[in-house]
Structures are given as structure tokens and as C-alpha cells.
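What follows is each chain in one-letter form.
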Amino acid sequence: MSPEMLRTELDRAEDAELQSDEQLRQLPDLIDKASTPSATLSASDCAKLVTAALAVNERLRDRTSKLRNSLNSALRSAPPTSGPKS
């Protein structure tokens, strides 16, 4: 994959990671809702949602890290570009 394509994929992965982080920040509200006496969400369903959200977040972080490493490798192995001519 070219460095430009890797950059694009890395940007997308970082955006997805940020969105996932935001969803994780909202999980305490979900847990609070499940722990009320008149909860519309069972504790079991809440636990499944929390587990899934954490797993997705971890996978997104791993993917972002791999893309970042691939981009760094591609940039190191790319032939040097000539600077502006005077």
C-alpha cells in the first residue's frame, strides 16, 4: 500500500477510534440506567453491551497502531524525494 493510502486509512482509523472513545465515555450512563429499580435495560444486556464496546475499542486501537507502524515503515523505506530546486 502506498504511503498516501496508508495515511488515508490511518486517518479513518483514528476517527473511528475517537468515536469509539466517545461511546466508552457514555457507558457509565448506560450502567446507571441499568441499575435503577425501573430499568429498561437488564444488567445482563448492559454487561454484553459494555463487553462488546470495550472489545471493539481495543480492536480499533490495534488497527490504528498497525496502520501507524505500516506507514512509518513505508516512509522509512520510500526513496528520498528531491527538495525544491533553486
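Read on for a plain summary of the structure. The structure displayed is predicted, hence computed values, not measured ones.

1. A closer look at the overall build of the chain
Summing up its helical and strand segments, the chain has three helices and zero strands in all. Reading the helices (α) and strands (β) of the chain from amino to carboxyl end gives α-α-α. In terms of overall dimensions, the chain is more spread out than a globule: its C-alpha atoms have a radius of gyration of 20 Å, far above the 12 Å expected for 86 residues. Its C-alpha atoms give the chain principal-axis dimensions of roughly 75 × 20 × 15 Å. Burial statistics for the chain: of 86 residues in total, 22% are counted as buried. Taking contacts inside the chain between residues at least 6 apart in sequence as the whole, the part at least 24 apart equals 73%. Accessible surface computed for the chain: about 6,700 Å², of which carbon and sulfur atoms make up 54%.

2. Considering the packing of helix H1 (residues 3-25) against helix H3 (residues 43-77)
As a packed pair, H1 and H3 sit with axes 9 Å apart at the nearest point and diverge in direction by 155°. With respect to H3, the element H1 is oriented roughly antiparallel. Between H1 and H3 the crossing geometry is left-handed. When its residues are assigned to classes, the contact of H1 with H3 shows 13 nonpolar, four polar and eight charged.

3. Things to note about the nonpolar core
In terms of nonpolar packing, the biggest core is built from seven residues, these being Leu 24, Leu 27, Ala 34, Leu 41, Cys 46, Val 50 and Ala 53. Of all the secondary-structure elements, those providing two or more residues to this core are helix H2 (27-34) and H3. With three residues, H3 is the largest single contributor of residues to this core. Setting aside its immediate chain neighbours within four residues, Cys 46 contacts Leu 30, Ile 31, Ala 34 and Leu 41. Counting six residues, the second largest nonpolar core, distinct from the first, contains Leu 6, Ala 13, Leu 71 and Ala 74.

What counts and what doesn't
- Residues numbered from 1 in each chain as written.
- Predicted model: local features only at pLDDT ≥ 70, side-chain atom pairs only at ≥ 80, totals over all residues.
- Heavy atoms only, no water.
- Helix = DSSP H or I, 4+ residues; strand = E, 2+ residues; numbered from the N terminus.
- Rg over C-alpha atoms; globule rule 2.2 N^0.38 Å.
- Buried < 20%, exposed > 50% of the residue type's maximum accessible area, 1.4 Å probe, protein only.
- Contact = heavy atoms within 4.5 Å.
- Areas by Shrake-Rupley, 256 points an atom, 1.4 Å probe, with all protein chains shown as cover.
- Axes fitted to C-alpha atoms, helices over the stretch in contact; angles between N-to-C directions.
- Parallel < 35°, antiparallel > 145°, perpendicular 65-115°, else oblique.
- Left-handed = near helix turned anticlockwise from the far one by under 90°.
- Nonpolar A, V, L, I, M, F, W, Y, C, P; charged D, E, K, R; others polar.
- Core = buried A, V, L, I, M, F, W, Y, C linked by side-chain atoms within 4.5 Å.

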